[in-house]
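What follows is each chain in one-letter form.
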Amino acid sequence: MLHEYRTAPVAELYARFAAVEARGVSPLYEALASGVSEDGEVCDHIAGLPDQKRQPNLVFAASRHLGAPVDDYGQWREWILAHWDSVVPVAMERFTQTNEAARCATLLPALAEIEGPIALLEVGASAGLCLYPDRYSYAYQTPSGTVTLDPETGPSPVLLECELRGSPAPTSLPNVVWRAGIDRNPLDATDPDTRSWLETLVWPEHHDRRTRIAEAAAIAAEDPPHLVTADLNEALPTLAASAPPDAHLVVFHSAVLAYLPKDARTQFRDTVTSLDCTWISNESPGVFPETTAPHQTEAGSFTLTVNGTPKAQTHPHGRTYTALRNPT
Ligand SMILES: C[S@@+](CC[C@H](N)C(=O)[O-])C[C@H]1O[C@@H](n2cnc3c(N)ncnc32)[C@H](O)[C@@H]1O
């Protein structure tokens, strides 16, 4: 769990990041994190940051934002030690708010089953790029071939590809009539500096994801989302009450609740389950272990739950959706 994980000693934090998060996903970040975990001097620098600012994602992104070379640990080490005084303010001012529109491909099977019109409310929305599931195109790989879905207006510049296992492909896109989000620090993806930061948060090898941010940001700019600056627990009841009453309210979140301490996650669950809404959660299994852990077989995957019932294991960046056969 990210929240608990942040409080670990720096060497342990980076070793775990290398072995669990970066391995097989980003060889460059795996090598950097593994190097840091064995480098007392660099660990001492990072340990000078507050707990929540020591995370590898943030330190690596801050260094890349300032031009650090990441191809070789030795070069990165030399750079970070020479530029540490510049890295600190970037790490202190900014947050890891990776916004991945491709997660819509794993939300769509649940959204497509809901009769619209839909009022879509995302908690932890970052720049709100997941609030446009109706504006993207999809290509689902299924055992019987590829199924494509496009918005009513025709193919979108943003094409989300996802392998579906054990589930039929959705047959339609949702009819979203209202969209809004909450974030403690909402981002404006049309601002060049903000977009540059969002792109830097994407791991170095994932060029397709960087391209997608620009394309999805252009779609969001045509119809900007209403994003409220607040803690999600504080703002959810009021924002939910402002949704149009004749639409079906869907409250969703992905890659958010791991940032919250356990009592705040519990508070959120109590609030969302008291609302007249469908609740879709796409989070790491540790977020609500009591409902999700027994079903997980794919290491590193998220669990997608609808109203607390586990439905699928999903790739954290939306690349696969594996239906859970025997949810309880
Ligand atoms: C990793 S990003 C995920 C963004 C988006 N949900 C997605 O899937 O692309 C997590 C977001 O949650 C927000 N966040 C974390 N804790 C929050 C809280 N207590 N209240 C509001 N937003 C929060 C962060 O600011 C960040 O933008």
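The structure under discussion appears in the preceding block.
Calculation rules
- Residues numbered from 1 in each chain as written.
- Predicted model: local features only at pLDDT ≥ 70, side-chain atom pairs only at ≥ 80, totals over all residues.
- Core = buried A, V, L, I, M, F, W, Y, C linked by C-beta atoms within 7 Å.
- Buried ≥ 20, exposed ≤ 12 C-beta atoms within 10 Å, placed from the backbone.
- Contact = placed C-beta atoms within 7 Å.
- Axes fitted to C-alpha atoms, helices over the stretch in contact; angles between N-to-C directions.
- Helix = DSSP H or I, 4+ residues; strand = E, 2+ residues; numbered from the N terminus.
- Parallel < 35°, antiparallel > 145°, perpendicular 65-115°, else oblique.
- Nonpolar A, V, L, I, M, F, W, Y, C, P; charged D, E, K, R; others polar.
- Near = placed C-beta within 6 Å.
- Pairing = 2+ DSSP bridges.

## Here's the deal with the nonpolar core
Cys104, Leu121, Leu129 and Val250 are the most contacted members of the largest nonpolar core, which totals 90 residues. Those residues in contact with leucine 121 that sit more than four places away from it in its chain are Ala180, Leu239, Ala240, Ala243, Leu249, Val250 and Val251.

## Description of the packing of helix α10 (residues 232-241) against helix α11 (residues 262-274)
The N-to-C vectors of α10 and α11 enclose an angle of 5°; their axes lie 10 Å apart at closest approach. Considering the angle they form, α10 stands roughly parallel to α11. Residues Leu232, Asn233, Leu236 and Pro237 of α10 pack against Ala264, Gln267, Phe268, Thr271 and Val272 of α11. Partitioned by chemical class, the residues of the contact of α10 with α11 number six nonpolar, three polar and no charged.

## Points about the site of the ligand
Residues in close proximity to the ligand total 21 residues, the closest being Gln97, Gly124, Ser126, Leu232 and Ser254. When its residues are assigned to classes, the shell around the ligand shows nine nonpolar, seven polar and five charged.

## Here's the deal with the sheet that holds strand β10 (residues 309-314)
Here we have 11 strands laid out as an open sheet, ordered β3-β2-β4-β11-β10-β9-β8-β7-β1-β5-β6, and mixed in their pairing. Only two strands of the sheet have a single neighbouring strand rather than two, namely β3 (145-149) and β6 (226-229). Sheet twist, expressed as the average angle between the axes of neighbouring strands with direction ignored, equals 20°. Strand direction decides the pairing type here: β10 and strand β11 (residues 320-323), joined by three bridges, are antiparallel. For alanine 312, the partnering residue across the bridge sits in β11 and is alanine 323.

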